Amino acid sequence: MTLVAGIDSSTQSCKVVIRDAETGKLVRQGRASHPDGTEVHPDAWWAALREAIDQAGGLDDVAAASVAGQQHGMVVLDENGEVVRPALLWNDTRSAGAAADLIAEFGGGDKWADAVGIVPVASFTLTKLRWLARNEPANAARVAAVCLPHDWLTWKLSGSTDITTIKTDRSDASGTLYWSAKTNQYRPDLLELGFGRLIKTPDVLGPIGVAGHLPNGAPLGPGAGDNAAAAFGTGAGPGDVVVSIGTSGTVFVSSDVSPDDPSGTVAGFADVTGRFLPIVVTLNAARVLDAAGRLLGVDHEQLSRLALQAPAGADGLVLVPYLEGERTPNRPDATGAIHGLTLQTSDPAHLARAAVEGMLCALADGLDALVRHGATANRIVLVGGGARSEAVRRIAPELFGLPVLVPPPGEYVADGAARQAAWVAAGAAEPPVWSAEAPETYEAEPVSLIREQYKAAQDAVIDRPR
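Described in the following lines is the structure provided in the data block. (Residues numbered from 1 in each chain as written. Predicted model: local features only at pLDDT ≥ 70, side-chain atom pairs only at ≥ 80, totals over all residues. Heavy atoms only, no water.)

Right, let's talk about the sheet that holds strand E24 (residues 440-442) for a bit. Here we have seven strands laid out as an open sheet, ordered E18-E19-E17-E16-E22-E23-E24, and mixed in their pairing. Each of the sheet's edge strands pairs with one partner strand only, and the pair in question is strand E18 (267-270) and E24. Pairwise comparison of adjacent strand axes, ignoring direction, gives a mean angle of 30° for this sheet. Alignment of strand E17 (residues 249-252) against strand E19 (residues 276-282), held across four bridges, turns out to be antiparallel. Across the sheet, residue Gly249 finds its bridge partner in E19, namely Thr282. In this fold helix H13 (residues 390-400) packs onto strand E16 (240-245), strand E22 (379-383), strand E23 (404-406) and E24, with an angle of close to 50° to the strand it touches most, E24. (Pairing = 2+ DSSP bridges. Helix = DSSP H or I, 4+ residues; strand = E, 2+ residues; numbered from the N terminus. Axes fitted to C-alpha atoms, helices over the stretch in contact; angles between N-to-C directions. Contact = heavy atoms within 4.5 Å.)

Take the nonpolar core next. Ranked by internal contacts, the top residues of the largest apolar core, which has 55 residues, are Ile245, Leu360 and Phe400. Listed in part, the 47 residues of the second largest apolar core include Phe195, Ala228, Phe269 and Val281. (Core = buried A, V, L, I, M, F, W, Y, C linked by side-chain atoms within 4.5 Å. Buried < 20%, exposed > 50% of the residue type's maximum accessible area, 1.4 Å probe, protein only.)

Moving on to the environment of Ala228. Residue position: Ala228 is located in helix H9 (residues 226-234). Relative accessible area serves as the criterion here: at 3%, Ala228 is assigned to the buried category. For Ala228 and Gly416, which are 188 residues apart along the polypeptide, the C-alpha to C-alpha distance reads 8.1 Å. In this view, Ala228 contacts Ser171, Ala270, Asp271, Val272 and Leu277; residues no more than four positions away in its chain are not counted.

The relative placement of two aromatic rings is captured by the distance of their centres and the angle of their planes. In the structure shown here, the tally under the stated rule is four aromatic pairs. Arranged with centres 4.9 Å apart and planes meeting at 55°, the rings of Phe106 and Trp112 form a pair that is tilted. Overall, Trp112 belongs to the buried group, its relative accessible area being 0%. Residue placement shows Arg170 over the ring face of Phe276; its charged tip is 5.7 Å from the ring centre. (Phe/Tyr/Trp six-rings, centres within 6.5 Å; stacked < 30°, edge-to-face > 60°. Lys NZ or Arg CZ within 6 Å of the ring centre and 35° of its normal.)

Within the secondary structure, Gly416 sits in helix H14 (residues 412-426). Placed 409 residues apart in sequence, Gly416 and Ile7 show a C-alpha to C-alpha distance of 8.9 Å. Those residues in contact with Gly416, other than ones at most four positions away along the chain, are Ala229, Phe232 and Gly233.

Here the focus is the side chain of Ser255. Turning to its location among the elements, Ser255 is positioned in the loop between E17 and E18. Only 3.0 Å separates the side chain of Ser255 from the backbone oxygen of Val257, close enough to count as a polar contact. Not counting residues within four places of it along the chain, the set of residues in contact with Ser255 comprises Arg275, Phe276 and Pro278. (Polar contact = N/O pair within 3.5 Å; in protein donor to acceptor, adjacent residues only side chain to side chain.)

Now for helix H10 (residues 286-296). Of all the residues in H10, the buried ones are Ala286, Val288, Leu289, Ala291, Ala292 and Gly293. Those residues of H10 that are buried lie in contact with E16, helix H11 (300-309), strand E20 (318-320), helix H12 (348-372) and H13.

This is the structure:
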């Protein structure tokens, strides 16, 4: 049996899966936690990766490995390969002002969309580099190279200390604001616009490029951003829109064309196969359910049962889930809000229902945006921690208006990385096809009232004072 390893270094934890390269069968796995926060030193990811590898029985017997990771995080290195400062993560919104400035300086969102397929918001790497240049000039002066979380971990696994050997892939590079998925080229002019000078960036590999080697000589694949890896791990086909409910919420679909959305709602990312991955991302997803559970003093299972006790639309109670600000729509300083609170709706069931519906409404808005920009949507593939909620599964088709397929619980980002590793090991023209268990299917009549109530409440949220 030929074994391959897939690694998912997410915001919250590191997961390692060891799978049969031919069938995809899980052989063993490991996991370790990451620290909380929107600013994390990469050494914490490296420690967690080593712990997860140990739990998974090591990598000495694998034929290839690949790392997928949280996107956009700014890892800056000096000329000796040392980390200059803790990484600013995708959900760190301190660079919102820098994003607005970059849009203005380059002549508007339409020019950014045309240049690199995305429009600056606080999540993207270049906005964080601009923030660094303006607010920490001494640290900025030390920076010789910039890379992303999965790039850095792949480089560490290779044992290299030379910053010129760092590699990345199309999917993660396409979320930086200084690389174009349409042209497959860096835009050094935009990097210089954002940071004030040019610095080393990783070489961008194709779908089965080799980014280095493990100590046993096994190749390291190019890796991927977490959403692209998840799409690859689910085996989603044409017309399958993947909705992932994790720390962030994502709605994405594999496509032959990259969208040009000057509003920035739809980002023109790349996938892991050489195609594109139009995507909409929300900052607030599963943590909305966490927060509702804390408010009500219940666990996730109890929250789900409560939500299903209330009617669709929660009798007019609406929760706008901008608990950490929001990326889509671009409201980095926004706060959450509850509307329609009456004596009738002042109970745990209505609040639980409103939390689930509010989170899903934000994602349904993302689906609408994808369709407006040419995506074909026949059904929803629902994954991530939030998909384990029975209430989420049953309410989702009411909002999306499409059948919702829920695959068995799994580590789909790590699985996508493992499938990429199997592809690299085989060196084949096409990726391996792994068998999968049949998903559960949920269907329901659309309930337009829920979306209408949410839309009416959306713009009434309050921004935090700066």
